Amino acid sequence: MPAPPPSNDPAGLLGCPLGRGYQATAFIGEGDLGFVYQGEHAPSRQTCALKLLRPEIQRDPRRLREVLQSGERLTRMHLDAILRPDEVLRSTDHTVLVLPLLVGASLSALLQRHVGPLPWVHARHLLIQVAEALSGLHATGLACGGLKPSNVFVVRDASGAPQVWLLDAMLSRHDPKAASVAYMAPECNAAVPDTRADMYSLGCLAYEILTAQPLFPGAPAQLALMHRVKPPRAIRSAYPETTVPSEVEGIVLRALEKDPSSRPDIDMFLNVCVRPP
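In what follows, the accompanying structure is described.

Here the focus is helix α8 (residues 246-255). Every buried residue of α8 is accounted for by V248, E249, I251, V252 and A255. Taken around the axis of α8, the buried residues stretch over an arc of 165°, which confines them to a single face. Contacts made by the buried residues of α8 are with α4 (120-138), α5 (195-211), α7 (235-238) and α9 (266-274).

Now for the sheet that holds strand β6 (residues 104-106). The strand order across the open sheet formed by 3 strands is β6-β7-β8, and the pairing between neighbours is antiparallel. Looking along the sheet, the strands with just one partner apiece sit at the ends: β6 and β8 (162-166). Between one strand axis and the next, the sheet turns through 25° on average, direction left out of account. This element, α4, spans β7 (152-156) and β8 of the sheet and lies at about 35° to β8.

What follows is about α4. Over its 19 residues, α4 extends 25 Å from the first C-alpha to the last, a length consistent with the 27 Å expected when each residue adds 1.5 Å. Burial within α4 is extensive, with 14 of its 19 residues counted as buried.

So, how was this worked out
- Residues numbered from 1 in each chain as written.
- Predicted model: local features only at pLDDT ≥ 70, side-chain atom pairs only at ≥ 80, totals over all residues.
- Heavy atoms only, no water.
- Buried < 20%, exposed > 50% of the residue type's maximum accessible area, 1.4 Å probe, protein only.
- Helix = DSSP H or I, 4+ residues; strand = E, 2+ residues; numbered from the N terminus.
- Arc of directions from axis to C-beta.
- Contact = heavy atoms within 4.5 Å.
- Pairing = 2+ DSSP bridges.
- Axes fitted to C-alpha atoms, helices over the stretch in contact; angles between N-to-C directions.
- Expected span 1.5 Å × (residues − 1).

See the structure below:
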């Protein structure tokens, strides 16, 4: 039996020829769709990120086709703040998405490091950027799917201000491994996520940012039931010291409506968040 790959190269990608002058130089981490490496394009000396799709995706022609077609659509649209593949490297052994290399941290990691909810002045800035990115995508009639803190990446721009990027937008909509029940709309057990499901996921994300608590705690099976039947606690009940404006609390709770038709659209959500605090 061959030895398993080392923990610093769990997919065994280091040293493998990937084609078109690309090579993996270091393992970064594991994402929804596969293993992520830092890479280099040897001819241009440009660094990049390389996402090796999971074997089960590569073995499933339908899922692989959906991921690649979604990536092609994103590349053509050039939407702000949504990370999109620059190109795809394919062989009989692997399918690798070539992506810009971001330096920063996921929102999930930032929330884990922070004690208590983010102050409203900082939370507002992040929520506006997430909503603006979703607004651009929803304007095309397309849904993001898979929205959750680990798929929101925060970098610093030249002035030091946080800048948000959405990861795996559209790419994970049809992949069950990418689904996180903690942020999944009640109807998504029976349907592919649409823009209204994105609003529910955004409500879950906003609730966690503003209270430092998940919308519902529990095991996945319990969470699915709670999303369907349990009303959310008011933000002021979950965190009485909050300084979040009542209008913002109201739009977040509306995004968490069980009935998809009762949720606000992304521009309504954005308009409330951009009002001066």
